[in-house]
Each structure stands twice: as structure tokens, then as C-alpha cells.
Amino acid sequence: MLELRGLTAGYGPVTVLRGVDFAARAGEVTCVMGRNGAGKTTLMKAIMGIVPVSAGTVMLDGQAIQDLPAHLVPGKGLAWVPQGRRLFGPLTVAENLDVGGLIRGNRAKVRDHVLALFPRLRERLNQPAATLSGGEQQMLAIARALCLEPKVLLLDEPTEGLQPSMIALIREAVLRLKAEGVAVVLVEQRVEAVLRMADRVAFMAHGSVEEVAEAAALHPGARQFADFVGV
Amino acid sequence: MGFGPFLLLALMEGLVTAAVLSLAAVGLSLVFGVMRVVNVAHGEFFMLGAVIAWFVAGLVPGPAWMAFLAALVLAPLVVGALAAAVDGLVLKRLNYDPEATIVATIGVMYMVQQAALSFYGPDARPVAAPFDWRFQLPWFGYSGYKLFVVAAAVAVLLAVWLGMTRTRAGLVMRATQVDRDVARAFGIDVERVYMGTFALGAGLAAMGAVLYVPISQAHYLMGHDPLLLSFIVVIIGGLGSLRGTLVAALVIGLSDGVISMFFSPTLAKILATLLVAMVLVFRPQGLFGAKA
Ligand SMILES: Nc1ncnc2c1ncn2[C@@H]1O[C@H](COP(=O)(O)OP(=O)(O)O)[C@@H](O)[C@H]1O
Ligand SMILES: [Mg+2]
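Predicted model only: the values in this text are computed from it and were never measured. (Residues numbered from 1 in each chain as written. Chains lettered and ligands numbered in written order. Predicted model: local features only at pLDDT ≥ 70, side-chain atom pairs only at ≥ 80, totals over all residues. Heavy atoms only, no water.)

*Asks:* What is the right way to read the packing of aromatic side chains from this model?
*Replies:* What describes a pair of aromatic rings is the distance from one ring centre to the other and the angle between the planes of the rings. The tally for this structure, following the rule as stated, stands at 18 aromatic pairs over all chains. With a centroid separation of 5.8 Å and 70° between ring planes, the pair formed by Phe203 of chain A and Phe225 of chain A is classed as edge-to-face. On the criterion of sequence distance, the pair formed by Phe203 of chain A in strand β9 (residues 200–205) and Phe225 of chain A in helix α8 (residues 223–229) is long-range, its members being 22 residues apart. Take Phe225 of chain A: its relative accessible area is 0%, and that puts it in the buried class. Pairing Phe140 of chain B with Tyr142 of chain B gives two aromatic rings, centres 6.3 Å apart and planes at 70°, and the pair type is edge-to-face. (Phe/Tyr/Trp six-rings, centres within 6.5 Å; stacked < 30°, edge-to-face > 60°. Helix = DSSP H or I, 4+ residues; strand = E, 2+ residues; numbered from the N terminus. Buried < 20%, exposed > 50% of the residue type's maximum accessible area, 1.4 Å probe, protein only.)

So this is what it looks like as C-alpha cells:
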């Protein structure tokens, strides 16, 4: 589904990603782990075309998309839930979802489907996004991305700073999307969460994917966690 | 004339100033809000609107109101198209860098001014009002056209507000204003939004000028005051806040009318400047701006 080869990207003169190889498959959750500054967020931005790619390819269903202008990337079936949520704060919940579905027809139906996943948002449709609680904001960030009906969903630390009950809700949503056949790429730092959700885990360090493991072959004390996350 | 009627007259004059000013200032505010570009050439877009109104008046035969209507449509379109060109040729190439675009728009300001001097000349020239109906209050007569200016500005501002809050284009502009990278990730062509916003901002200034020129005159340096006052209004109202811009335009316009009439125009400018200083010191984000 999504396949990166030798992806090199960075900010201006600063190269952050140095030849990333990575793949995500439909109906699977691929987790990305690595220390702060390893390049996980930059990886997602590069896939979305927001950080310029200087070498390598991003293939989506066999089509190269790394040279597309950023605003044409979501139309190919990619959606991004940025780190720190980055909602349109002054806009209402409904308007955030409208932006999510901007380039899709059939907005009302998709929105109903998405709100069924996060019923709490339905009560807050006319409230500015900035006034939601942290957990609700994260739900909205995911819901907004789902309005694109993506084939590939990139989630950057969606449970950062959330209460356990919220984390459980978001985990359920991720597993539901996986069951619906979405390819989920999830940046997640907590070992126990990764082991519960992941099918495969990519470990990043210094701007490249150093190792990929099947989740079934990992356990809380696995060497990779110590090497790449430091736990 | 007693104090009451005199005050009324001053308020009416102030309202006219506020109306014209709010159109120019909303244009400046939109451009800054959405694009983070401080457009120093904004006053020249205003001036061009007035100059185009003068040219159109000479070209369109028949009654003054026909030329006026033609100018009201043409000037914003022509100025908007010019602004779109400035966006594509200058701002976009600077990657909308906030500092570089200030310098660049200073250059644009100078070029537009000199072009106006070359093609239009150094003279101040009047443009006829579309109608010269006056109405009589018990204490004084007043220009019906000035009231029309206020009504027209209110209508245009209402349209802008509805456009920003109720339409897809407005939604796209507001989303871009908050976070342009995330907007891109949802399929918004940010460069197109910027071009449209810059054209809209310039068009609003031009429209304000077409309304204003019959009660003043067209002159190639007439952009200075609207630029300065628009900045004052935008700073007081809060950068990027539409509501704040309108409130501040009303405050500045009305106080300018009243203070100019009872004391002197110079005092009005001094007080406005003082107000800006106070806002900058005590509430740098403006009365209605979000905290930075
Ligand atoms: N906007 C930016 N400009 C320049 N360097 C950046 C920028 N954002 C991140 N970086 C650098 O890129 C590297 C990777 O950052 P990031 O992708 O955010 O890592 P992670 O998400 O894994 O913590 C870091 O060294 C960081 O300092
Ligand atoms: Mg990160």
C-alpha cells in the first residue's frame, strides 16, 4: 500500500531523514518508535509533502507521489493526524470536520460515519475546537482526518498527554479502522500500547528506520525497546 | 447651531470616515491575518481605486451614476487583478516571508505611486458624486451621498462577513489563517488562497476609494492617510480579527469626526496615535486579538 524507499528530506539545508525505507499495509497497524528527534514527525510531514523530499520515493498503491504539491497528496488517500493535534482552534467542531471533508463529496454521510466513532463530538458541533478538552481535541483531530476517507492514516503520538480512559477510546478507534482495512501508521512511545495495537514496529534512529520487527516477536523486555526507545 | 446638532453633525462625518476606513482596514487585516503579510502598498491600492474612478468617469458617457457604478465594479476588479499579479510575481517568490514581504511591498508602494504620477499626473482631480440629493434635518442640511457611503460600506462589510463565516471560500481562508501546513494536508491550495486573499484585500481598499473620492479628490499621494489609519485600526482592533477591525474603525472614525470638528484634526491624529501607543503597551495583541 504505502512504501518508502531511500527517502531523504529535511528543513532547508538541514537533512533530517537519511534514506528511510518503510512500508505500511492495508488492514495493519504499523507503529513507529524512536527517541525524541529521531525524525518520526518529519517522516510523516515528508510523506504528506509538507517537508520537501530531496531523494527517494513515496509510493502509494504503486504510484509515486513524492513530487506532488502538498495539497494534492490527501486526494490520493492519505490523511495525517499531526503531533499536538493542530486543530483549527477558532473554528467550530463542525467546521473542522468540514475542512476534513473539503475535497470529498458526500460530506454528510461521511461525517455521520465518523461521528458514530466519536459520539461525544456530536454534542459539541458548534463549539470552537479550542474549547474542547484534550481528549476531545484528539478525537476531533482523528475525526477530521477520517473525513478524508483515507486509505492510509498517519497518527503522530495521538495519546500524548491523555488520560487512560481517553487512550482506551483512541485505541479502540485505531483497531476499528484497522478492521475496516485502513493502513494505519502510528507513532507511539509507550511499549505497552505498541504491543497491544501493532502488527509491525519500525524503529527509527538518526533519521532512518534501523529495524523492523513483527509485533508478535516482541515483548516488553525486547532488546529493540532498550536500543531505540531507552526503556 | 446648538451643541446637540453640532455633535450630531460631527458624529455623521465621523461615521463616513469610519465607513471608508473600515473597508480599507478590513482589507489590510484580512491580508495580514490569512497571509501574515504586512502590506505596506495597501494605501496605493486605495489610491488606484480613486484614480481609476476618475478615468472611468471620463470614459463612461451619460449620467454620473452610470460612471460611478462602472467604477464601483471595475476599480476593485482591476486593482484586485494587479494585486494578484503582485502576489504571484513578488510575494510568492519570497515564500511569504514576513520580513522580506514588508520590504518588497514598500517597493511596490513606490512603484505604484510613481506609475500613477506618470500616467495620471500630480494634480488632485474631483470625481462627481453619482447623485447630489441633500436632505434637510431641522438644524442643517446633509449630503445624501455621504449616507449612501455609510450604507454601502455596511452592505459590503456584511457581505465580507457572511462570505468569511458561511461560505466554503471563507472556511478555506480561515483554516489557512490558523495553520497553513495542516490546511495543505486537507487539500487546500494555499497559494491560490493567498492570491485570492491579496486580491480581495486590495479590491476592498479600491472599493472604499471609489466611495470616498466623490467627497474628496483623486491624487497620486492620497494613499498615505488610509494606510496609516488602517494600520492604526488594525493594531487597535487586533491583527487578523475582523470584529476588532470593525470596532476600531468605528472608534477611530467617530473620534476623528468629533475631535476634528470641536478641536482640530491635528489633535484627532495625536489622540489616535496615543491610543495606539496605549494599546501597544498595555494590550499588544489588540483589543480583540488572540494572545500571541
Ligand atoms: N521546523 C524544523 N526546522 C529545522 N529542524 C527541525 C524542524 N523540525 C524538526 N527539526 C529537527 O529534525 C529532527 C527530527 O525532529 P522530529 O521529526 O520532530 O523528531 P521526532 O518526531 O522523532 O521527535 C530534530 O533534530 C529536530 O531538531
Ligand atoms: Mg515528533
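*Asks:* Would you explain the site of ligand 1 in this entry?
*Replies:* All names here are of chain A. Near ligand 1 the following residues occur: Tyr11, Val16, Arg35, Asn36, Gly37, Ala38, Gly39, Lys40, Thr41 and Thr42. At a separation of 2.7 Å, an oxygen atom of ligand 1 approaches a polar side-chain atom of Thr41. In the model, an oxygen atom of ligand 1 is placed 2.5 Å from a nitrogen or oxygen of the Thr42 side chain. Ranked by the residues each element gives to the shell around ligand 1, the list is headed by helix α1 (residues 40–47), at three residues. Partitioning the shell around ligand 1 into residue classes produces three nonpolar, five polar and two charged. (Near = heavy atom within 4 Å. Polar contact = N/O pair within 3.5 Å; in protein donor to acceptor, adjacent residues only side chain to side chain. Nonpolar A, V, L, I, M, F, W, Y, C, P; charged D, E, K, R; others polar.)

*Asks:* Please clarify how the sheet that holds strand β8 (residues 183–187) of chain A should be interpreted in this entry.
*Replies:* In any sheet, the strands associate via hydrogen bonds between backbone groups, in a parallel or an antiparallel arrangement. All names here are of chain A. On the basis of which strands lie adjacent, the open sheet formed by six strands has the order β6-β7-β8-β3-β9-β10 and mixed pairing. The open sheet has two edge strands, β6 (78–81) and β10 (208–214), and neither has a second partner. The average undirected angle you get between the axes of adjacent strands in this sheet is 20°. Examined bridge by bridge, strand β3 (residues 29–33) and β9 share four bridges and lie parallel to one another. (Pairing = 2+ DSSP bridges. Axes fitted to C-alpha atoms, helices over the stretch in contact; angles between N-to-C directions.)

*Asks:* Explain the side chain of Thr105 of chain B to me, please; I cannot follow it from the model alone.
*Replies:* Structurally, Thr105 of chain B is set in helix α4 (residues 98–120). Polar side-chain contacts of Thr105 of chain B include one of 3.1 Å to the backbone nitrogen of Val40 of chain B.

*Asks:* For this particular structure, what's the right way to read the coordination of the magnesium ion (ligand 2)?
*Replies:* Tetrahedral coordination by four donors places them ideally at 109.5 degrees to one another around the metal; octahedral coordination by six donors ideally gives 90 or 180 degrees. Residue and element names in this part refer to chain A. Looking at the magnesium ion (ligand 2), one finds its protein donor set to be Thr41 (OG1) and Gln83 (OE1), positioned 2.0 to 2.2 Å from the metal centre. Taken together, the residues Thr41 in helix α1 and Gln83 in the loop between β6 and α2 (93–100) connect sequence positions 42 residues apart. Since its relative accessible area comes to 22%, Thr41 is described here as partly exposed. The exposure class of Gln83 is partly exposed, given its relative accessible area of 29%. (Donors = N, O, S within 2.8 Å, 3.2 Å for Na, K, Ca; no water.)

*Asks:* Is there a simple way to explain a nonpolar patch on the surface in this structure?
*Replies:* All names here are of chain B. A cluster of nonpolar side chains, Val247, Val251, Leu275, Met278, Leu280, Val281, Phe282, Leu287 and Phe288, forms an exposed patch at the surface whose accessible area comes to about 810 Å². Here the element with the most residues in the nonpolar patch is helix α11 (residues 265–282); it accounts for five residues. Within the element layout of this structure, Met278 appears in helix α11. The partly exposed category is assigned to Met278, whose relative accessible area is 47%. (Patch = residues over 30% accessible without salt bridge, like charges linked within 9 Å, V, L, I, M, F, W, Y side chains within 5 Å. Areas by Shrake-Rupley, 256 points an atom, 1.4 Å probe, with all protein chains shown as cover. Salt bridge = Lys/Arg side-chain N within 4 Å of Asp/Glu carboxyl O.)

*Asks:* Even after reading the chapter, I still don't get the environment of Gln113 of chain B, so can you show me in this structure?
*Replies:* Residue and element names in this part refer to chain B. Positionally, Gln113 belongs in helix α4. Each C-alpha atom of the pair Gln113 and Tyr220 lies 6.2 Å from the other, and the pair is 107 residues apart in sequence. Ignoring sequence-local partners within four residues, the contact set of Gln113 consists of Glu44, Met47, Tyr220, Leu221 and His224. (Contact = heavy atoms within 4.5 Å.)

Without other data, these values stay purely geometric and don't point to any function.
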